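Residue-level structural notes
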Amino acid sequence: LGEFREELKKRAGLRALGGPPNLVFVILESFRAAEVGALGSDAGVTPRFDALARRGLLFRNFFSNGFQTRDALLGSYCSTLPNYGPSQMRFYPHVKALGLPELLRARGYATAWYHNADAEFDRRREFLARHGFDRIVDEYDFPLLSERLGWGISDVALMRMAAERMRALPEPFFASLLTVSNHHPYTVPREFRKHSAAGEHGRYLDTFAYTDHALGLLFDLTAADPFFRRTIFFVYADSSNRQPAPRPVRTTRDWLALSHHLPLLIVAPWLERGETLDAPCSHVDLPPTVLD
C-alpha cells in the first residue's frame, strides 16, 4: 500500500492537505458522453470540460443508474439504485437512506445544495433536507431579474451564485450543484446560437456548449479563492437524453450505452497531469469513493 501511495504521488502530484478536503459535486443536466470531446466526440461543444480533463481523472466508463435526475441524486448521495416502481425520492422522501451528506455532516462538514430551478420538483427539497443538506438554494433565492433559460435560471447565474455562497461556507464543506439549462426546450443567449438553424438538435448542441461554458466559469470564479486549494470537484452528468445518436445505433448494447454513458471527471488543484481510468462505474460508486 505504501508503494502504491508513493506511485500515486508521483503520477498525480498529490500532496497532503493538512485536513479534510472540501468536496463539490457539479451535476450537469443531460450532459451525455456522446457529445464530450474528451470521450471521443467531434461535436466541438465541450472545450472547457476537455481542458479540465487534461489535468484531472477522467473515467471513460461511467454510467447512469436510471433515466432521470432523481435517480442520479439518489445514487450520488445514498449509493442506492432507483426503485423500478414509484420513485423513492418523489413518493417516499421520508424513507431513510443513510447517505453521503449525512455522513459528512457527522464528520463536521457544512452541507449545501445549489440548483437553478424549483427544489420542490420531485419533492427534492423534502428528501434533501431529510438526508443531510443544511442549506438548500433554488431559483427562488436568485435576484428577481436573473436571466431565465428554459426550465429555470441560467446555468451561468447558478455558477456565480454557487461561487459566492461557497466562499461563505465554513470549511470543510460538501456542496452539490445541479444545472438545468441543457434541457428541452434548449434555449440559450443569442451569442451561443451557433447550431440553432438545424432545429431542435442544433439547439441542443448550443445548450450543451452553454453548460460547458458555465462549467468553465465556475472554475474561473473560484480558482483564486483560498478554499479552492483544498477542494476536490466531481464533475459528471445526471442522465443521458433522447437526442439523436451521433453514430449509428445497431444493437441493444449500442442503445444502452448511448442512453446511460456519462462523463465523470475528478478535478483538484494538486492533480497536475491527466489520468484516464477505464474501470466501469456509476452514480452509486460516488459515496463509497468519497468516503474512502
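Our subject is the structure listed above.
These remarks concern the structure in this document.

1. Examining the overall build of the protein
- Within the protein, the secondary structure is distributed over ten helices and eleven strands.
- Compactness check: the protein gives a C-alpha radius of gyration of 18 Å against a globular reference of 19 Å for 292 residues, within 12% of the reference.
- In terms of overall dimensions, the protein has C-alpha extents of about 55 × 40 × 40 Å along its principal axes.
- Among the 292 residues that make up the protein, the fraction classed as buried is 54%.
- Summarising the internal contacts of the protein: among those between residues at least 6 apart in sequence, 75% fall at separations of at least 24.
- Of the roughly 13600 Å² of accessible surface on the protein, a fraction of 53% belongs to carbon and sulfur atoms.
- Between the averaged position of the 35 positive side-chain charges in the protein and that of its 34 negative side-chain charges there is a distance of 1 Å.

2. Description of the pattern of salt bridges
- A full pass over the atoms with the stated rule returns 15 salt bridges.
- In this structure, E126 and R123 form a salt bridge, with 2.9 Å as the shortest nitrogen-oxygen distance.
- With its nearest N and O atoms 3.4 Å apart, the salt bridge here joins E126 to R130. Placement of both E126 and R130 in helix α6 (residues 124-130) is noted, with a separation of four residues, approximately one turn of the helix.

3. Some remarks on the packing of aromatic side chains
- One pass over the full model with this rule turns up 18 aromatic pairs.
- Pairing F67 with W255 gives two aromatic rings, centres 6.4 Å apart and planes at 45°, and the pair type is tilted. Here the residue F67 occupies a position in the loop between β2 (57-63) and α3 (69-78), and W255 occupies one in helix α9 (residues 252-260), the gap between them amounting to 188 residues.
- The class of F67 is partly exposed, set by a relative accessible area of 41%.
- Overall, the relative accessible area of 39% leaves W255 in the partly exposed class.

4. Digging into unusual backbone geometry
- Omega for the peptide link from E171 to P172 comes to -5°, which places this bond in the cis form.
- You can see P172 is positioned in the loop between α7 (155-167) and β7 (173-178).
- A cis amide bond, omega 20°, links H184 with the succeeding residue P185.
- Note on placement: P185 falls in the loop between β7 and α8 (200-222).

5. Considering the nonpolar core
- Within the largest apolar cluster, 84 residues are counted, with the highest numbers of intra-cluster contacts made by F25, Y77 and Y114.
- Residues in contact with Y114, not counting those within four places in the same chain, are V137, L158, A162, R165, M166, L169, A175, S176, L177 and L178.

6. Looking at the environment of Y114
- With respect to the helices and strands, Y114 occurs in strand β3 (residues 110-115).
- Note: C-alpha distance between Y114 and I136 (22 residues apart in sequence) is 6.2 Å.

7. Structural notes on the packing of α7 against α8
- As a packed pair, α7 and α8 sit with axes 9 Å apart at the nearest point and diverge in direction by 20°. Between α7 and α8, the angle falls in the class roughly parallel. As α7 runs across α8, the sense of the crossing is right-handed. Residue-level inspection shows D155, V156, M159, R160, A163, M166 and R167 of α7 in contact with α8, the latter providing Y210, T211, H213, A214, L215, L217, L218, L221 and T222.

8. Let's talk about the pairing of strand β1 (residues 22-28)
- Taken across its seven residues, β1 has seven buried, putting it largely inside the fold.
- Burial of the side chains of β1 extends over both faces: N22, V24, V26 and L28 are buried on one face and L23, F25 and I27 on the other.
- Relative to strand β8 (residues 231-237), β1 runs parallel, the two sharing seven bridges. Bridge assignment links F25 to a residue of β8, and that residue is F234.
- With five bridges joining them, β1 and β7 adopt parallel strand pairing. By the bridge assignment, V24 is partnered in β7 with A175.

9. Looking at the side chain of S76
- You can see S76 is positioned in helix α3.
- Since its relative accessible area comes to 0%, S76 is described here as buried.
- From its side chain, S76 meets the backbone oxygen of A72 in a polar contact 2.7 Å long.
- At a separation of 2.9 Å, a polar atom in the side chain of S76 contacts the side chain of Y236.
- Contacts of S76, omitting those with residues within four sequence positions, involve F25, L100, Y236, H283, L286 and P287.

The rules behind the values
Residues numbered from 1 in each chain as written. Predicted model: local features only at pLDDT ≥ 70, side-chain atom pairs only at ≥ 80, totals over all residues. Heavy atoms only, no water. Helix = DSSP H or I, 4+ residues; strand = E, 2+ residues; numbered from the N terminus. Rg over C-alpha atoms; globule rule 2.2 N^0.38 Å. Buried < 20%, exposed > 50% of the residue type's maximum accessible area, 1.4 Å probe, protein only. Contact = heavy atoms within 4.5 Å. Areas by Shrake-Rupley, 256 points an atom, 1.4 Å probe, with all protein chains shown as cover. Lys, Arg positive; Asp, Glu negative; His and termini not counted. Charge placed at Lys NZ, Arg CZ, Asp CG, Glu CD. Salt bridge = Lys/Arg side-chain N within 4 Å of Asp/Glu carboxyl O. Phe/Tyr/Trp six-rings, centres within 6.5 Å; stacked < 30°, edge-to-face > 60°. Core = buried A, V, L, I, M, F, W, Y, C linked by side-chain atoms within 4.5 Å. Axes fitted to C-alpha atoms, helices over the stretch in contact; angles between N-to-C directions. Parallel < 35°, antiparallel > 145°, perpendicular 65-115°, else oblique. Left-handed = near helix turned anticlockwise from the far one by under 90°. Pairing = 2+ DSSP bridges. Polar contact = N/O pair within 3.5 Å; in protein donor to acceptor, adjacent residues only side chain to side chain.

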